[in-house]
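Listed below are the residues making up each chain.
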Amino acid sequence: MLSSLEGTWKVVILILGRRIACELLKGIATYLKAEVTAIVSAQIPNLLSSFACKPSCQLKDKDCAIYLVYAVSTNVIIVENFVMSVRVPELQSRCE
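Below: a short report on this structure. (Residues numbered from 1 in each chain as written. Predicted model: local features only at pLDDT ≥ 70, side-chain atom pairs only at ≥ 80, totals over all residues. Heavy atoms only, no water.)

**Concerning the overall build of the protein**
Rules: Numbering of helices and strands runs from the N terminus; a helix is a DSSP stretch of H or I covering at least four residues, while a strand is a stretch of E covering at least two. Relative accessibility thresholds used throughout: buried, under 20% of the residue-type maximum; exposed, over 50%; partly exposed, between the two (1.4 Å probe, protein chains only). We call two residues in contact when some of their heavy atoms are within 4.5 Å. Here, Shrake-Rupley sampling with a 1.4 Å probe gives the accessible areas, and only protein chains in the shown set may cover a residue.
Scanning the protein from terminus to terminus reveals 5 helices and 0 strands. In the protein, the order of α-helices and β-strands from amino to carboxyl end is α-α-α-α-α. Taken over 96 residues, the protein has a buried fraction of 33%. Considering only intrachain contacts with a sequence separation of at least 6, the fraction spanning at least 24 residues in the protein is 57%. Accessible surface, the protein: about 6200 Å² in total, of which carbon and sulfur atoms supply 62%.

**Section: the nonpolar core**
Among soluble globular proteins, nonpolar side chains are generally buried collectively. Note the following rule: Residues belong to one nonpolar core when they are buried, are Ala, Val, Leu, Ile, Met, Phe, Trp, Tyr or Cys, and are joined through side-chain atoms within 4.5 Å.
By size, the foremost hydrophobic cluster in this structure holds 19 residues, and its most contacted members are Leu25, Val36, Val40, Ile44, Leu48, Leu68 and Phe82. Broken down by secondary-structure element, the contributors of at least two residues to this core are helix H3 (18-53), helix H4 (59-72) and helix H5 (76-95). Broken down by element, the residue count for this core peaks at 9 residues, all from H3.

**Notes on H4**
Stated formally: Take the residue count of a helix, subtract one, and multiply by 1.5 Å to get its expected span.
Here H4 contains 14 residues, and its C-alpha end-to-end distance of 21 Å stays within 8% of the 20 Å for a straight helix at 1.5 Å per residue. What H4 keeps buried is the set Asp61, Lys62, Cys64, Ala65, Ile66, Leu68, Val69, Ala71 and Val72.

**Here we look at the environment of Ala21**
With respect to the helices and strands, the residue Ala21 is situated in helix H3. Residues Ala21 and Val11, 10 residues apart in the sequence, show an inter-C-alpha distance of 10.0 Å.

**Some words on H3**
Definition in use: Bend at a residue means the angle formed by two fitted axes: the first through the 7 residues ending at that position, the second through the 7 residues beginning there.
In this model, H3 (36 residues) spans only 23 Å end to end at C-alpha, well below the 52 Å of a helix rising 1.5 Å per residue. Within H3, the axis deviates most sharply at Leu32, by approximately 125°.

**Quick word on the packing of H3 against H4**
Spelled out, the test is: Between N-to-C directions, angles span 0 to 180 degrees; the directions come from axes that are lines fitted to C-alpha atoms, helices contributing only their stretch in contact. Crossing handedness: left-handed means the near helix sits turned counterclockwise from the far one by under a right angle, and right-handed means the same turn made clockwise. Residue polarity follows a fixed list, in which Ala, Val, Leu, Ile, Met, Phe, Trp, Tyr, Cys and Pro are nonpolar, Asp, Glu, Lys and Arg are charged, and the others, Gly among them, are polar.
Between H3 and H4, the shortest axis-to-axis distance is 7 Å and the interhelical angle comes to 145°. In this structure, H3 crosses over H4, and the sense of that crossing is left-handed. Here the contact of H3 with H4 is built from residues that sort into 17 nonpolar, 2 polar and 6 charged.

Given below as structure tokens:
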């Protein structure tokens, strides 16, 4: 089942809604944590890379990446590292 979802996280999140998609991933991760974490961890850099290429057109990719991080991160340090490396530089560049 998980392999059929690989690469389609953006579609799942858009169809189900952000919050429901996050809860779905958390539920699947309850039983298949290693598999979900591996697949999602591979997708996050791809989504951020897509966003970096065309920020004005690919805002949904960044949004999806943020929700995926929050959906599978049970560790506050992982979320903090993501925010510090992705979100803070973006917010700082807007203030300059």
